[in-house]
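Here's the letter readout for the chains.
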Amino acid sequence: MIKSLLKPGPVTLALFLVIAVSAVLTHDPDSRVSIALALLAVLIPGGLLVLFVHELGHVLGGLLSGYRFVALICGPLSVARVHGRLEPGWNPLWSLYGGIAVLAPRGGRLPSTRETAALFAAGPLASVLFGVLFAALHFGLGLDEVKRSTVAEGTHTIWQLLFGACTRIVALCSLAGAVATMIPNAIGGFTSDGAAIRMLLKGGPDAARLQAMNAIMGQLTEGARPRDWTPEFVQRAAAVQDGSALESSAASLALQHALDRGDLRAARGHLARMHAARAQAPSFSEGELRLYEAWLAIADGRTAEARTALAETAEELMEEYSRRRVLAAILVAEGRPDEGRAAAREGLALLQQEDHHFAGLAALEREWLEQLAEGRLPAVLGQPGAPA
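Analysis parameters
- Every residue gets a number counted from 1 within its own chain, in the order that chain's sequence is written.
- Residues qualify for local features only when their pLDDT is at least 70, as the model is predicted, and side-chain atom pairs are given and counted only at 80 or more; totals for whole chains, interfaces and linings, by contrast, use all residues.
- The side-chain quantities take in all heavy atoms of the structure and omit both hydrogens and water.
- Counting from the N terminus, the helices are the DSSP runs of H or I reaching at least four residues and the strands are the DSSP runs of E reaching at least two.
- Accessible area is worked out with a 1.4 Å probe on protein chains only. A residue is then buried under 20% of its type maximum, exposed over 50%, and partly exposed in between.
- Contacts are assigned to residue pairs with any non-hydrogen atoms lying within 4.5 Å of each other.
- Candidates for patches are residues over 30% relative accessible area with no salt bridge; among them, like charges are joined within 9 Å and nonpolar side chains (Val, Leu, Ile, Met, Phe, Trp, Tyr) within 5 Å.
- All accessible-area figures derive from a Shrake-Rupley calculation using a 1.4 Å probe, and residue coverage is judged against the displayed protein chains alone.
- One side-chain nitrogen of Lys or Arg within 4 Å of one carboxyl oxygen of Asp or Glu is enough to make a salt bridge.
- Strand pairing is assigned whenever DSSP detects at least two bridges linking the two strands.
- Lines fitted to C-alpha atoms define the axes, with helix axes restricted to the stretch in contact, and inter-axis angles between N-to-C directions lie between 0 and 180 degrees.

1. Remarks on the environment of Arg-323
Inspection of the secondary structure puts Arg-323 in helix H14 (residues 320-333). Judged by its relative accessible area of 11%, Arg-323 is buried. Sequence separation between Arg-323 and Gly-347 is 24 residues, and the spatial gap between their C-alpha atoms is 8.0 Å. Filtering out sequence-adjacent residues up to four positions away, Arg-323 remains in contact with Leu-291, Leu-310, Thr-313, Ala-314, Glu-316 and Met-318.

2. Re a nonpolar patch on the surface
A cluster of nonpolar residues, Leu-49, Phe-52, Leu-56, Leu-60 and Leu-63, forms a patch on the protein surface that exposes about 390 Å² of accessible area. On the secondary structure map, Leu-56 appears in helix H3 (residues 32-64). Given a relative accessible area of 31%, Leu-56 falls into the partly exposed group.

3. Some thoughts on the sheet that holds strand E4 (residues 100-105)
Taken in spatial order, the 4 strands of this open sheet run E3-E2-E1-E4, and their pairing is antiparallel. One side of each edge strand has no neighbouring strand; the edge strands of this open sheet are strand E3 (85-90) and E4. Within the sheet, the average angular offset between the axes of one strand and its neighbour, ignoring direction, is 20°. Both strand E1 (residues 67-74) and E4 contribute to a ladder of 6 bridges, which runs antiparallel. Bridge pairing in E4 links Leu-72 to Ala-101. Along the sheet, helix H8 (residues 205-221) contacts E1 and E4; its crossing angle with E4, the most-contacted strand, is approximately 80°.

4. Focus on the side chain of Gln-371
Summarising the element assignment, Gln-371 is placed in helix H16 (residues 359-373). In this structure, Gln-371 is in contact with Arg-376, Leu-377, Pro-378 and Ala-379, ignoring residues within four places of it in sequence.

This is how it looks when you write it as structure tokens:
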């Protein structure tokens, strides 16, 4: 319960309410504290608006370039397409508070360089336009002339002072955000817009990887299982070994592809690459890495190591039915099929309750869980300890 209350949504809402109520209760045009509280009450939604406009730019750029909307996260809020409808919700991760837009090429095709570049460039462009709009609003209404001294003289009101501060800060933040996101770098496991655009303009294997990962995302949204992803796209995505966050994500996709095709040798290789790039990967991918470790450890007959890896996912944000699937496999491998069947049935019940963005991945989970519910290991795991 405490952990759920410390998520971005509840914390931001509670903070805003405390500040807004305090601003109302302490309202005094001559008090700096009162003015500061009122300013914060205005700037919190203003800051979220700046983030939203940037991500909305990506969404519009993607839609105009033939992409399908998948999800958008902005501050504490999120909206995602599930079964053809848009569903609002709370952002569960602080690491995504700065915003992210997820889009995928329609039809699972390989997008062109122009289409992919437009997707990434549209966010900074939207931020620039929004910043210019608020700067024009600020100066056009003469808000640059509003000061505390003119409020005290009665020339202007406290609300003009607050609105002027808000328009100025929103304009500066939006323009600064555009510049910051165009700097080629990777922060928090995410490649900046500028870095992605530079890759695409430069061409070569890095650009091919980025476009192939976009294509695989498109096939995911079309409901394709990992084994049915275009092999050429998977090969392009996994071709570059540079220890980057992109390599970690590409290796994760290639690992799912290999597991669904029953290729344990390839899966182990992709897991090793995820390990090599883990320092650059987003923090929330650690749970996924540990779960894959446990799954492959079961295939090797190392059930004790699988239990350790599974235990290390306890504090990670991930699907509970995936944890139950790994637990069920461990129990079956340990010769405790009745307990394994029970854990698998719990996993199937949890899987049934979820609305899935990616039907193909859900189908793979369901297949594994159903095999475990029969008291047997999934075919991909074979006999523990058997060679790949």
